[in-house]
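# Per-entry structural report
Letter by letter, the chains look like this.
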Amino acid sequence: MNWRALGALALVVSAAVHLKLWFGGVRDQSVGPAFMVNAVAGVVIAVLLLTWQHWLPAFLTLGFGASTLGAFIISTTVGLMGVHAHWEGFYVYAAAVAEVVCIAVGAGLLLRARTGRLVTAGRTA
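Residues numbered from 1 in each chain as written. Predicted model: local features only at pLDDT ≥ 70, side-chain atom pairs only at ≥ 80, totals over all residues. Heavy atoms only, no water.

## Observations regarding the packing of helix α1 (residues 3–23) against helix α4 (residues 90–115)
Between two packed helices, both the angle of their axes relative to each other and the distance between the axes serve to describe the pair. Closest axis-to-axis distance for the α1/α4 pair is 8 Å, and the angle between their directions is 150°. Judged by the sense of rotation from one axis to the other, the crossing of α1 with α4 is left-handed. Judged by residue contacts, Trp3, Arg4, Leu6, Gly7, Ala10, Leu11, Val13, Ser14, Val17, His18 and Lys20 of α1 engage Tyr91, Ala94, Ala95, Ala98, Glu99, Val101, Cys102, Val105, Leu109 and Arg112 from α4. When grouped by side-chain class, the residues that make up the contact of α1 with α4 number 14 nonpolar, three polar and four charged. (Axes fitted to C-alpha atoms, helices over the stretch in contact; angles between N-to-C directions. Helix = DSSP H or I, 4+ residues; strand = E, 2+ residues; numbered from the N terminus. Left-handed = near helix turned anticlockwise from the far one by under 90°. Contact = heavy atoms within 4.5 Å. Nonpolar A, V, L, I, M, F, W, Y, C, P; charged D, E, K, R; others polar.)

Below, the structure is given as structure tokens:
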């Protein structure tokens, strides 16, 4: 499996969801600029992940997934910048799954960069 391609796909899915929600009205809320930053950053990091064989794009992928998912969890629990979101709808779950994949892929690629190989389910890839 091409882990970099999977990570890039997850980044683009999250970016697309944030862009769609931005056009859907989030741009008029206090979190609007953050949604646009997510849309642009997801695409930029995806390109870096596919084109630059370095640990930094993996780190950015992990950080993107963790910070984006973390911000959403905060917004669904205590609220974020006056916005209180809910776990409902296709786009919420699509973005959440994509961000979990970003976290897992980023961590796996960082582990591979550190050890020189990736160990999964008892096999070396």
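The discussion continues.
## Considerations on the nonpolar core
Counting residues in each nonpolar core, the largest one holds 12 residues, listed as Ala8, Ala10, Leu11, Ile45, Ala46, Leu49, Ala58, Phe64, Ala98, Cys102, Val105 and Leu109. Secondary structure elements with two or more residues in this core: α1, α2 (32–51), α3 (55–77) and α4. At four residues, the largest contribution of residues to this core is made by α4. When sequence neighbours within four positions are dropped, the list of residues in contact with alanine 10 reads Ala98, Val101 and Cys102. With five residues, the next largest nonpolar core counts Trp22, Val26, Val31 and Val83 among its residues. (Core = buried A, V, L, I, M, F, W, Y, C linked by side-chain atoms within 4.5 Å. Buried < 20%, exposed > 50% of the residue type's maximum accessible area, 1.4 Å probe, protein only.)

## Looking at the layout of surface pockets
By volume, the largest pocket is sized at about 550 Å³. In terms of lining, the largest pocket is formed by 25 residues, of which the most central are His18, Phe35, Phe72, Ser75 and Ala85. Elements with a minimum of two residues in the lining of the largest pocket: α1, α2, α3 and α4. A per-class count over the lining of the largest pocket returns 15 nonpolar, eight polar and two charged. (1 Å grid on protein atoms, 1.4 Å probe; cavity = no way out; pocket = protein on both sides within 12 Å on 5 of 7 lines; lining within 4 Å. Points joined across faces, edges and corners; volume = space filled by probe spheres on them.)

## Observations concerning the side chain of threonine 68
Assignment of secondary structure puts threonine 68 in helix α3. The class for threonine 68 is buried, based on a relative accessible area of 7%. Once residues within four sequence positions are removed from consideration, threonine 68 is found in contact with Ser14, His18, Asn38 and Glu99.

## Notes on α4
The end-to-end C-alpha separation of α4 is 37 Å, in line with the 38 Å expected for 26 residues at 1.5 Å each. Residues of α4 that are buried: Val92, Ala94, Ala95, Ala96, Ala98, Glu99, Cys102, Val105, Gly106, Gly108 and Leu109. Along its buried surface, α4 packs onto α1, α2 and α3. (Expected span 1.5 Å × (residues − 1).)

## Brief notes about the packing of aromatic side chains
Summed over all chains, the structure comprises five aromatic pairs. With centroids separated by 5.9 Å and ring planes inclined at 40°, the aromatic side chains of tryptophan 87 and tyrosine 93 adopt a geometry described as tilted. Judged by its relative accessible area of 37%, tryptophan 87 is partly exposed. On the basis of relative accessibility, which here comes to 43%, the residue tyrosine 93 falls in the partly exposed class. Centroid distance phenylalanine 90 to tyrosine 91: 5.4 Å. Interplanar angle 75°. Geometry classified as edge-to-face. Judged by relative accessible area, phenylalanine 90 falls into the exposed class, the value being 64%. Among the aromatic residues, those joined into a cluster by ring pairs are Phe72, Trp87 and Tyr93. Here the guanidinium or amino end of arginine 27 rests over the ring plane of tryptophan 22, the centre of that ring lying 5.4 Å away. (Phe/Tyr/Trp six-rings, centres within 6.5 Å; stacked < 30°, edge-to-face > 60°. Lys NZ or Arg CZ within 6 Å of the ring centre and 35° of its normal.)

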